[in-house]
Amino acid sequence: MINIVPIPTDDAGVATINTPDFPACELDSNICVSIQNFGTDTLFSCDVSYAVNNGPFTTYNWTGMIPPQSDDTMCTQIGVFPFSIGDDLVVVANNPNGTAGAYIANDSIEVLNMDVSMYGTYGIPSDYPTISAAINALNTYGVCDDVVFKLATGTYTEQLLLGPVLGMDSNATVTWTSSTGSLTDVTVQFVNNIDSNYVVSLDEASWFRFKNITFKAMGSGLGRVFEIKNESHNNILDSLRVVGLNTFSTSDNLSLIYSDLSSDHENWFMNSSFEKGSYGINIQGAYNSFESGIRIINNDFIDNYYNSISAWKMSGIEIIGNTIHSISTYTAGIGIYCYYCDDGFDISYNHIYTEGNDAWPHTGIYTRLCEGSSLGVGYLTNNILTLGPADGSSTNTFWGLYQLYTDICYVSNNTVTLQSGGLNSMAYRPAYGEYFFTNNNLFTNFGSGYAAYYQFGIPLDVTNNAYFSNGTNKLYFNGQLYSTLLSFQNGSNLDTNSFYVNPNFSDTVAGKPCNDTLDNAGVSLPFVMDDFTHATRQESPDIGAREFIGLGSFSFSNDTICDASYEVISPELNTVWSVGRVTSHGESSG
């Protein structure tokens, strides 16, 4: 039998204890509560009593007006008490409108074993014996201000499971760092298993910072180091060494950084090295929404087997200033792969290159179904991509910069070089994209393929580029092969002010050209004001990712002549020059 009890006419209780509040850095002595009317009649009065540590009750006679089935919008101070850590507080409301009240179950509320939240700096193991103990304290007490955990020198074989922590926000973050400030002094490692494939898991966890620590996956088969999921946001990985397993697998179970199919916004990966594993960083947005605010800045990606950076369903992603190289034997690997990266993506100042005579990567940068929008156009600028074995022997297919269905973007001042490769290799391959601009780029293929392969797209402006290829067919446009730049210009109506020149690299991997034709041959672009090294661009910029002083611009002031160049010194000119660390001077006599 179910008994349905009618709602009483008069019934009061305590909705919340507003102070003392938690998390807090100190215990508030004011006792402030919000009163709730559970009855069907307007509440005009009740008695609110409190007791501390099972002591006697102190009563406050409340009067006011609370409509039926409503909370008081005001906080009512009912007393003052000098609380200490460990105290218990009980608050009870009774005698609503002068009656006994129908129920007592909803009359009271309590806070037991009061404590302050965490703030300031703590040592491990000086304050907490293990990282796990520090995490337990976070979960128990919350934070009221910034917290820093400094790990003493040593190796910690622990697994970090981090979730939501009470009080954490932009003004109350939690940082894990080495006590010495050196990432070589502290290593956190773990042997992952099928139920928990991570060294660090950020599960609905936000506002964490990791700095100056080495994180390492151990064992075999399962090698994720950081797992980010369930809308974890605003976390920063800075100045870390992240080491995975040596592998010949493309499985995402071996990703150094793995973000699952959720909206994990505003996570930053900076100034770190990501070594080994299948992927360096493998991040994915949700099926029904884009992930925003992701920044991958100034990192080194070393010996990743499959793809170094792989990003899917991103809005406004920034991939800037990274160095990527690997001794991987995988022949279809990618340096940077962006799939559905929309709304102002920025992929710039990256250096991707093949190690010696190895064959990785197959593709330097690959953008697929990426679109600019009213929120921002896409930028592919100041990248240096050098692919293919240096000995020139490979007939594998290499694609330097590949844009597939990539719209509304600027491709500017890149230096893309294939050191070798077969007939289908392409330094630059834009395919089926619309409304893109390609300016001031240096596209070189020392193999037998193409310098550029424009495949059925709608470019808005293609000019002031430089091309070179050792292949029979140098260029391609919408179904037609071209063996000369002139025939390509006539057939495509593109590249009116472009050049066909061997760049005469002094350092091919570093993308350092020495051909004077490239000096001051670009068009000024307001969004490319500096070069790959962040040197200021000239008013008439050089073609490619680097500014250099060509012989025609050499002034005998403080200029640097490109390596492998020479200058005819005019008669009777006093000259000072330097080679390496040795400075010389002399007078020419004609």
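Residues numbered from 1 in each chain as written. Predicted model: local features only at pLDDT ≥ 70, side-chain atom pairs only at ≥ 80, totals over all residues. Heavy atoms only, no water.

A. Representation of the overall build of the chain. Scanning the chain from terminus to terminus reveals two helices and 50 strands. For 590 residues, the compact-globule estimate of 2.2 N^0.38 gives 25 Å, and the C-alpha radius of gyration of the chain, at 33 Å, exceeds that figure by more than 25%. Here the C-alpha coordinates of the chain stretch approximately 110 × 50 × 50 Å along the principal axes. Taking contacts inside the chain between residues at least 6 apart in sequence as the whole, the part at least 24 apart equals 73%. Here the chain displays about 25,000 Å² of accessible surface, and carbon together with sulfur accounts for 50% of that area. Distance between charge centroids for the chain: 13 Å, based on 17 positive and 59 negative side chains. (Helix = DSSP H or I, 4+ residues; strand = E, 2+ residues; numbered from the N terminus. Rg over C-alpha atoms; globule rule 2.2 N^0.38 Å. Contact = heavy atoms within 4.5 Å. Areas by Shrake-Rupley, 256 points an atom, 1.4 Å probe, with all protein chains shown as cover. Lys, Arg positive; Asp, Glu negative; His and termini not counted. Charge placed at Lys NZ, Arg CZ, Asp CG, Glu CD.)

B. Local environment of helix H2 (residues 485–492). Turning to H2, its buried residues number three or more, namely Leu485, Phe488, Gln489 and Ser492. Buried residues in H2, looked at end-on, bunch into an arc of 100 degrees, giving them a common side. Along H2, exposed side chains directed more than 90 degrees from the buried face belong to Leu486 and Asn490. Where the residues of H2 are buried, they touch strand S43 (450–454), strand S45 (466–469), strand S46 (475–477), strand S47 (480–482) and strand S48 (499–500). At the exit of H2 stands Asn493, carrying a positive phi of roughly 60 degrees. (Buried < 20%, exposed > 50% of the residue type's maximum accessible area, 1.4 Å probe, protein only. Arc of directions from axis to C-beta.)

C. Quick peek at the packing of aromatic side chains. In the structure shown here, the tally under the stated rule is 37 aromatic pairs. With centroids separated by 5.3 Å and ring planes inclined at 80 degrees, the aromatic side chains of Phe210 and Phe226 adopt a geometry described as edge-to-face. Of the two residues, Phe210 is situated in strand S16 (residues 208–211) and Phe226 in strand S18 (residues 226–229); the sequence distance between them amounts to 16 residues. There is no split in this pair, since Phe210 and Phe226 are both buried. Note that Arg224 overlies the ring of Tyr258, its terminal NZ or CZ placed 3.7 Å from the centroid. (Phe/Tyr/Trp six-rings, centres within 6.5 Å; stacked < 30°, edge-to-face > 60°. Lys NZ or Arg CZ within 6 Å of the ring centre and 35° of its normal.)

D. A look at a nonpolar patch on the surface. Taken together, the side chains of Ile408, Tyr435, Ile458 and Leu460 make up a nonpolar region of the molecular surface, amounting to roughly 350 Å² of accessible area. Following the sequence through the fold, Leu460 ends up in strand S44 (residues 458–463). Overall, the relative accessible area of 49% leaves Leu460 in the partly exposed class. (Patch = residues over 30% accessible without salt bridge, like charges linked within 9 Å, V, L, I, M, F, W, Y side chains within 5 Å. Salt bridge = Lys/Arg side-chain N within 4 Å of Asp/Glu carboxyl O.)

E. The pattern of salt bridges, seen in detail. A complete count under the given rule lists seven salt bridges for this structure. Between Arg295 and Glu318 there is a salt bridge, with the nearest N and O atoms lying 3.2 Å from each other. With Arg295 in strand S26 (residues 295–297) and Glu318 in strand S29 (residues 318–320), the pair connects residues that are 23 residues apart, well separated along the chain. Three or more residues joined by partner-sharing salt bridges are found here, namely Arg224, Glu227, Lys229 and Asp252.

F. Structural view of unusual backbone geometry. For the bond from Phe22 to Pro23, the omega torsion is 0 degrees, close enough to zero to count as cis. A cis amide bond, omega 15 degrees, links Ile124 with the succeeding residue Pro125. Of note in this structure, Lys313 is not a glycine but carries a positive phi near 60 degrees. The topology assignment puts Lys313 in strand S28 (residues 307–315). The phi dihedral of Asn413 is positive, around 55 degrees, even though this residue is not glycine. As for its placement among the helices and strands, Asn413 is situated in the loop between strand S38 (409–412) and strand S39 (415–418).

G. View of the state of the cysteines. Under the criterion given, the structure shown has two disulfides. The residue that forms a disulfide with Cys25 is Cys144, at a sulfur-sulfur distance of 1.9 Å. The chirality of the disulfide connecting Cys25 with Cys144 is right-handed, given an S-S dihedral of about 110 degrees. Placement of the pair is Cys25 in the loop between strand S1 (12–19) and strand S2 (30–37) and Cys144 in strand S10 (residues 143–151), with a sequence separation of 119 residues. The exposure class of Cys25 is partly exposed, given its relative accessible area of 29%. (Disulfide = S-S within 2.5 Å.)

H. Main features of the nonpolar core. Core analysis: the biggest nonpolar cluster contains 91 residues, and Phe149, Trp176, Val188, Phe208, Phe210, Phe215 and Phe226 have the highest contact counts within it. No other element matches the five residues that helix H1 (residues 131–141) contributes to this core. With 21 residues, the next largest nonpolar core counts Ile31, Val52, Phe83 and Val111 among its residues. (Core = buried A, V, L, I, M, F, W, Y, C linked by side-chain atoms within 4.5 Å.)

I. Broad picture of the pairing of strand S40 (residues 426–431). Of all six residues in S40, six are buried, a share of seventy percent or more. Note: strand S37 (residues 399–404) against S40, five bridges, orientation parallel. Residue pairing for S40: Gln403 is matched across the bridge by Pro430. Direction of pairing for S40 relative to S43: parallel, over a ladder of two bridges. Directly across from Met426, in S43, lies its bridge partner Tyr450. (Pairing = 2+ DSSP bridges.)

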